Amino acid sequence: MVSIIAGEKGKGKTKILLERANETVSKANGSVIYLDKSSKHMYELNNKIRLINVSEFPIMSADGFVGFLAGLISSDHDIEAIFLDSFLKLAVLEGADITSTIDRIETLGEKYGITFVLSVSTDASNLPENAKKNVSAAL
């Protein structure tokens, strides 16, 4: 499953994402992962959440990012949720069509029973059709 928090930069998406991650880990039996472009939010996350600073890895394309996600999943079969802050930046998709990447992440989620929660820095109305149905918060 994919859930999207959409809104322009500075609208409060990260705050909602952090709250959802902390809420999820309190009920989770498995692992919860938070992907970010820095370690800035380390102290705002429950210490049971694995924070990964994606900028420390050489991800050069959306395909590389999906491969990175697959690697995380293959190394931990207990992942219940993955939170992605600044999705467009992490997935190297700023200014690009996200349709295919959203479909591939949805497929991973369905196959492995993982919920993906993405913060996307764009207005919900600008999202492709396959992503609009997944919007859980539009700011």
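Residues numbered from 1 in each chain as written. Predicted model: local features only at pLDDT ≥ 70, side-chain atom pairs only at ≥ 80, totals over all residues. Heavy atoms only, no water.

- Identification of the protein as Twitching motility protein PilT from Lachnoanaerobaculum gingivalis is taken from an unreviewed UniProt entry.

1. Some remarks on the overall build of the protein
Here comes step 1: Secondary structure summary: the protein contains 5 helices and 6 strands in total.
Here comes step 2: Its helices and strands in sequence order give the protein the pattern β-α-β-β-α-β-α-α-β-α-β, from N to C terminus.
Here comes step 3: In terms of principal-axis extent, the alpha carbons of the protein reach across some 35 × 30 × 30 Å.
Here comes step 4: Counted over contacts in the protein with a minimum sequence separation of 6, partners at least 24 positions apart contribute 69%.
Here comes step 5: Accessible area for the protein stands at about 7,200 Å²; split by element, carbon and sulfur atoms hold 49% of it. (Helix = DSSP H or I, 4+ residues; strand = E, 2+ residues; numbered from the N terminus. Contact = heavy atoms within 4.5 Å. Areas by Shrake-Rupley, 256 points an atom, 1.4 Å probe, with all protein chains shown as cover.)

2. Quick word on the packing of aromatic side chains
By convention here, two paired aromatic rings are described through the distance between centres and the angle between planes.
Here comes step 1: Summed over all chains, the structure comprises 2 aromatic pairs.
Here comes step 2: Ring plane angle 50° and centroid distance 5.2 Å describe the contact between F57 and F68, whose orientation is recorded as tilted. Of this pair, F57 sits in the loop between β3 (50–53) and α2 (62–75) while F68 sits in helix α2; the two residues are 11 residues apart in sequence, bridging distant segments of the chain.
Here comes step 3: Consider the rings of F65 and F87, whose centres lie 6.3 Å apart with planes at 70°: the pair is edge-to-face. Note that F65 is positioned in helix α2 and F87 in helix α3 (residues 87–90), a separation of 22 residues in sequence. Considered together, F65 and F87 belong to a single accessibility category, that of buried residues. (Phe/Tyr/Trp six-rings, centres within 6.5 Å; stacked < 30°, edge-to-face > 60°. Buried < 20%, exposed > 50% of the residue type's maximum accessible area, 1.4 Å probe, protein only.)

3. Quick word on the pattern of salt bridges
Pairs may arise between side chains of opposite charge once their charged atoms sit close together.
Here comes step 1: One pass over the structure, following the stated rule, counts 5 salt bridges.
Here comes step 2: Residues E94 and K89 are paired through a salt bridge, measuring 3.5 Å at the closest nitrogen-oxygen approach.
Here comes step 3: Judged by relative accessible area, K89 falls into the partly exposed class, the value being 43%.
Here comes step 4: We note a salt bridge from K133 to E106, for which the minimum N-O separation is 2.8 Å. Of this pair, K133 sits in the loop between α5 (129–132) and β6 (135–138) while E106 sits in helix α4 (residues 99–112), and the two are 27 residues apart along the sequence. (Salt bridge = Lys/Arg side-chain N within 4 Å of Asp/Glu carboxyl O.)

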